[in-house]
Structures are given as C-alpha cells and as structure tokens.
Amino acid sequence: HMFETFLKRRGARTGDQRLLAWEHEEMSMQLVDSITARLGGSLCGYFSEGTTASRAAAHMAFTKLLIHGLAPSASWPAGATARPESKRFMCDIVSNARNGLDVDKLDYLLRDCMSCFGSANLPGLSVHRIITSSRVLNNEICFEEKTALDIVEVYSLRARLHQSVYQHHTANVAEIMITDVLDEAADDVVFRGHDGRETTLLEAALHAPSFAMLTDGIFDVIRLSPSPRLARAQAIIDRMARRRFYYKASPEVKLATLPLCPSCAL
C-alpha cells in the first residue's frame, strides 16, 4: 500500500498515467501473467491430464479473477473463465466485496497480532472455527449463526489495530518518511533487474519480473550507495535509524501573514 502511495504521488507530479493507475491487485495479476509466460507450453502439465492450452488459459484467467475479486453487481465473465456462474462464490474467498470477510483479511490480522501482541491466539476469535462453519448458500459464502461473535471480533480486531498500529501517528510519519526515501531514490538507485540489466525503482514498478525482485533490501542498497544523488534519501534513512521522525505541524497553529486582507483582516 505504501509503495502504491509512492507511485501515485510520483505520477501526480510527473503526469505519468501508468503510475497513477498502478494498483497492487493489478500487479498481482501481472505476476500471474509473468509466471504463465515463463511456463509457456508446459503450463498444461500443471492441470488435470488432457488440459488444452485454451483451458489452461481459462484456469489462469480465473486465478486472476480470484485475486481481483468481483463486485456483487458485476456480470459473470463465463467465457473468459470457462466456469459457470455457480462458481461465483469463489471470488469472495480472497477479496470479498460483499462484506470484507476474506482470507486476505484473516491472514494479515493474525500476522499483525503476532507481531504486535506476541500471539495470534486471541480470546473470542477462532479463524479455524469461522472457516469450518462456512457454507455456500444461494451462490454466496455464508456463516453459521454460532460464529457471530467470532466474526464480530474480526471487525473489532481490525478497528483496534487501525487505532493502535495502522493509523498510529508514529507509524504514519514513518510511512511518509519511507515514501520520501523512495521518491528521492526513484530515478537514481539501480539494481540488477530480472533480465540482468540495470533497473530503477520506477522501471521495476512497471515490469512484473523485476518488481518481484524488490524487497526491503532496497533500503540497504540506497543506504550503502556511494552516489551523491542519493544523499537526501540516505539522510532520511539515517533520521529514521535515530528515531528523529518528522514533526507534525498542528492545524491549530496559525502563522501571521502580511499584508492582511483589507476586507476581513484575515
């Protein structure tokens, strides 16, 4: 999400529509396409015996649809996925546009609980119970009434993590600083891309195989680079290491400006 914010901010400043339109779900689908292209003719071997190339392509199209999700009001792309609309409920497993209760959310909530609270076994919340108590009714994923408290706890936990972690002022400031580092280094930091050639951050963002090589290690590349063009980015990384975060300018502070407006004296 933070990388997406960095690209959109960059795109707004430069007018690059490709960066403005960049979304992590779309990149996930491009990664699926990259894997498909790499496998080439051997893709059919990953499915049931006798699968044709067109059937394999439909499998991959359905995989991308599961990643992106499908709005309840959207029409069913039967032709592209080679599946009947009775399989529509599967689109709510990873990205549930109906109620937001999907495995993506359950995964990151438990992972963040482990990181922040030291345990993913929270009282009143059993992910296994929610999953095993789910059924498909009227082409939708439904849950038994007995799991109501577990489901309520999912949304309560999300709200709690937003308050104490995701929207914590220090975390927000740190994200802004990291975004500034990426912005400063966007054109100047280079690494060996997927094809072996030098690649910048912006080039990698638009090329799925190179994007897949980006890790947190890029900050070590920036920090250790001898290039003087990365001095500003390195200074921000150093500030973060010393916990010298940006200061927030309070909205209550009003700076005197001259000359004052003759009509309203403001």
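None of these values were measured; they are calculated from a predicted model.

A. Up close: the overall build of the protein chain. Regarding its fold elements, the protein chain presents 14 helices and four strands. Computed over the C-alpha atoms, the radius of gyration of the protein chain is 24 Å, more than 25% above the 18 Å expected from 2.2 N^0.38 for a compact globule of 266 residues. Judged by the C-alpha coordinates and their principal axes, the protein chain covers about 75 × 50 × 50 Å. Partitioning the contacts of the protein chain with sequence separation of at least 6, the portion at a separation of at least 24 is 51%. Here the protein chain displays about 16,700 Å² of accessible surface, and carbon together with sulfur accounts for 57% of that area. Distance between charge centres in the protein chain, computed from 30 positive and 31 negative side chains, equals 2 Å.

B. Geometry of the packing of helix H7 (residues 103-117) against helix H9 (residues 148-166). Between H7 and H9, whose axes approach to 11 Å, the crossing angle comes to 50 degrees. Our classification of the angle between H7 and H9 gives oblique. As for how H7 packs across H9, the hand of that crossing is left-handed. Where H7 approaches H9, its residues Lys105, Leu106, Tyr108, Leu109, Asp112, Cys113, Cys116 and Phe117 are matched on the opposing element by Val154, Leu157, Arg158, Leu161, Val165 and Tyr166. Taken together, the residues of the contact of H7 with H9 sort by class into eleven nonpolar, no polar and three charged.

C. Structural view of helix H14 (residues 231-241). Among the residues of H14, those classed as buried are Ala233, Ile236 and Ile237. Down the axis of H14, the buried side of the element spans an arc of 100 degrees, and every buried residue falls inside it. Those residues of H14 hidden inside the fold are in contact with helix H10 (169-185) and helix H13 (218-224). Immediately downstream of H14, the backbone of arginine 243 shows phi near 55 degrees, a positive value.

D. Fine view of a nonpolar patch on the surface. On the surface, Ile93, Val94, Val103 and Ile131 cluster together into a nonpolar patch covering about 280 Å² of accessible area. On the secondary structure map, isoleucine 93 appears in helix H6 (residues 91-94).

E. Structural context of the side chain of threonine 200. Take threonine 200: it is sitting in strand S4 (residues 198-200). The exposure class of threonine 200 is buried, given its relative accessible area of 12%. Apart from residues lying up to four places away in sequence, threonine 200 is in contact with Ala186, Asp187, Val189, Val190 and Phe191.

F. Representation of the environment of lysine 105. Along the chain, the position of lysine 105 falls in helix H7. A sequence separation of 49 residues divides lysine 105 from valine 154, and the C-alpha atoms of the two residues are 8.8 Å apart. Once you skip the residues sitting within four places of it in the chain, lysine 105 turns out to touch Gly100, Val154 and Arg158.

G. Spotlight on the pairing of strand S2 (residues 140-143). Across four bridges, strand S1 (residues 134-137) lies against S2 in antiparallel orientation. Counterpart to leucine 137 in the pairing with S2 is glutamate 140. Where S1 hands over to S2, the hairpin turn is made up of two residues, of which asparagine 138 adopts a positive phi near 50 degrees.

H. Just the pattern of salt bridges, in detail. Going through the model one piece at a time under the given rule, you end up with 19 salt bridges. Where aspartate 16 meets arginine 18, a salt bridge forms, and the shortest distance between an N and an O atom there is 3.1 Å. Aspartate 92 serves as the salt-bridge partner of arginine 98, at 2.8 Å between the closest nitrogen and oxygen. Exposure remark for arginine 98: the relative accessible area of 32% places this residue in the partly exposed category. Because the salt bridges share partners, they merge into one network encompassing Arg9, Arg10, Arg13, Asp180, Asp183 and Asp187.

I. Main features of the packing of aromatic side chains. All chains considered together, the criterion is met by six aromatic pairs. Arranged with centres 6.4 Å apart and planes meeting at 70 degrees, the rings of tyrosine 108 and tyrosine 166 form a pair that is edge-to-face. Remark: tyrosine 166 occurs in helix H9 and tyrosine 108 occurs in helix H7; sequence separation between them is 58 residues.

J. Expanded view of the layout of surface pockets. If you add up the space inside the largest pocket, you get close to 1,300 Å³. What lines the largest pocket is a set of 36 residues, and nearest its centre among them are His1, Met2, Phe3, His24 and Arg111. A class-by-class count of the residues in the lining of the largest pocket yields 16 nonpolar, ten polar and ten charged. Volume-wise, the second largest pocket comes out at about 170 Å³. For the second largest pocket, the full set of lining residues is Asp92, Ile93, Leu101, Asp102, Val103, Leu106, Ile130, Ile131, Ser134, Ile141 and Phe143. The set of elements that each furnish at least two residues to the lining of the second largest pocket consists of H6, H7, helix H8 (127-132) and S2.

Reading guide: rules and limits
Residues numbered from 1 in each chain as written. Predicted model: local features only at pLDDT ≥ 70, side-chain atom pairs only at ≥ 80, totals over all residues. Heavy atoms only, no water. Helix = DSSP H or I, 4+ residues; strand = E, 2+ residues; numbered from the N terminus. Rg over C-alpha atoms; globule rule 2.2 N^0.38 Å. Contact = heavy atoms within 4.5 Å. Areas by Shrake-Rupley, 256 points an atom, 1.4 Å probe, with all protein chains shown as cover. Lys, Arg positive; Asp, Glu negative; His and termini not counted. Charge placed at Lys NZ, Arg CZ, Asp CG, Glu CD. Axes fitted to C-alpha atoms, helices over the stretch in contact; angles between N-to-C directions. Parallel < 35°, antiparallel > 145°, perpendicular 65-115°, else oblique. Left-handed = near helix turned anticlockwise from the far one by under 90°. Nonpolar A, V, L, I, M, F, W, Y, C, P; charged D, E, K, R; others polar. Buried < 20%, exposed > 50% of the residue type's maximum accessible area, 1.4 Å probe, protein only. Arc of directions from axis to C-beta. Patch = residues over 30% accessible without salt bridge, like charges linked within 9 Å, V, L, I, M, F, W, Y side chains within 5 Å. Salt bridge = Lys/Arg side-chain N within 4 Å of Asp/Glu carboxyl O. Pairing = 2+ DSSP bridges. Phe/Tyr/Trp six-rings, centres within 6.5 Å; stacked < 30°, edge-to-face > 60°. 1 Å grid on protein atoms, 1.4 Å probe; cavity = no way out; pocket = protein on both sides within 12 Å on 5 of 7 lines; lining within 4 Å. Points joined across faces, edges and corners; volume = space filled by probe spheres on them.

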